[in-house]
Each structure stands twice: as C-alpha cells, then as structure tokens.
Amino acid sequence: MTRKEIVETVNSLLAEEFEVDSTLFTAGANVRETLSLDSLSLVDLVAIIQQTYKIKIPVTDLRTIQTFTNLYDYIETHLPENDK
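Given the structure is predicted, the values throughout are model-derived calculations rather than measurements.

Glancing now at unusual backbone geometry. With a phi angle near 50 degrees, Ser 36 is a residue other than glycine that sits in the positive phi range. Considering the arrangement of structural elements, one finds Ser 36 in the loop between α2 (31-34) and α3 (39-53).

Below, the structure written as structure tokens:
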C-alpha cells in the first residue's frame, strides 16, 4: 500500500465517519481539533484505523499522533509487511 493510498483511504474514512470536509485534513492540521474529537470519538477513530489496517495502536503511541502527517506515518510504519 502506497503512502498516497493510505492518505486517500484515511481521509475518506474519517470524512465520512466524523462528517468533516476532507479538504481540512492538511499535513500539519491537528487531528483532534480538525475532527472535534472528544475521548469517545477518539476511541472510534482508533477502532476505524485498527480495523481497516489490522494494526494495534497502544495508548502510549496514540499520544504521539497529533497531526494528520503523524497519523499517516504511524499507519505506514506499522502496516503488516505484506501490505507495505
């Protein structure tokens, strides 16, 4: 899976789930602020990413994901080998 595919898939999923225009998903934009996430909707975001990409996101790692670039990077580096 290419970086472009990751970005397109993530943006599409998040825009639909959180009803936010995907044009707001810029590289440096804060994920929590852009999606207006509270603690419950943050759990939804994690579940979507984990289910879609078959990866686990521990709470300690979640704290490092601030921007959309951080999110894309995390997914890209944690994909199972056969999906990279």
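Additional details are given in the paragraphs that follow.
Summarising the element assignment, Lys 56 is placed in the loop between α3 and α4 (59-62). You can call Lys 56 exposed: its relative accessible area is 68%. Note: C-alpha distance between Lys 56 and Ile 75 (19 residues apart in sequence) is 9.7 Å. When near neighbours in sequence (up to four residues on either side) are disregarded, Lys 56 contacts Gln 50 and Tyr 74.

On to helix α1 (residues 3-18), then. In a regular helix each residue adds 1.5 Å, so 16 residues correspond to 22 Å; α1 covers 22 Å between its end C-alpha atoms and thus fits that length. Every buried residue of α1 is accounted for by Ile 6, Val 10, Asn 11, Leu 14, Ala 15 and Phe 18. Looking straight down α1, one finds its buried side chains confined to an arc of 145 degrees; they lie on one side. Residues of α1 that are exposed and point over 90 degrees away from its buried face: Lys 4 and Glu 16. In the core, the buried residues of α1 are packed alongside α3 and α5 (68-78). Immediately beyond the C-terminal end of α1, within one or two residues, lies Glu 19, with a positive phi of roughly 50 degrees.

Turning our eyes to something else, we now look at the packing of aromatic side chains. Taken as a whole and judged by the stated rule, the model has two aromatic pairs. Geometrically, the ring pair formed by Phe 25 and Phe 68 is stacked, given 4.7 Å between the ring centres and 20 degrees between the ring planes. Of the two residues, Phe 25 sits in the loop between α1 and α2 while Phe 68 sits in helix α5, which places them 43 residues apart along the sequence. A ring pair is formed by Phe 68 and Tyr 72, whose centres lie 6.3 Å apart and whose planes are at 40 degrees; its orientation type is tilted. A residue pair is termed a helical-turn pair when its members lie 3 or 4 positions apart in one helix, as Phe 68 and Tyr 72 do in helix α5 at four residues. Note on Phe 68: relative accessible area 0%, which makes it buried. These aromatic residues form a ring-pair network of at least three members: Phe 25, Phe 68 and Tyr 72.

Conventions adopted
Residues numbered from 1 in each chain as written. Predicted model: local features only at pLDDT ≥ 70, side-chain atom pairs only at ≥ 80, totals over all residues. Heavy atoms only, no water. Helix = DSSP H or I, 4+ residues; strand = E, 2+ residues; numbered from the N terminus. Buried < 20%, exposed > 50% of the residue type's maximum accessible area, 1.4 Å probe, protein only. Contact = heavy atoms within 4.5 Å. Expected span 1.5 Å × (residues − 1). Arc of directions from axis to C-beta. Phe/Tyr/Trp six-rings, centres within 6.5 Å; stacked < 30°, edge-to-face > 60°.

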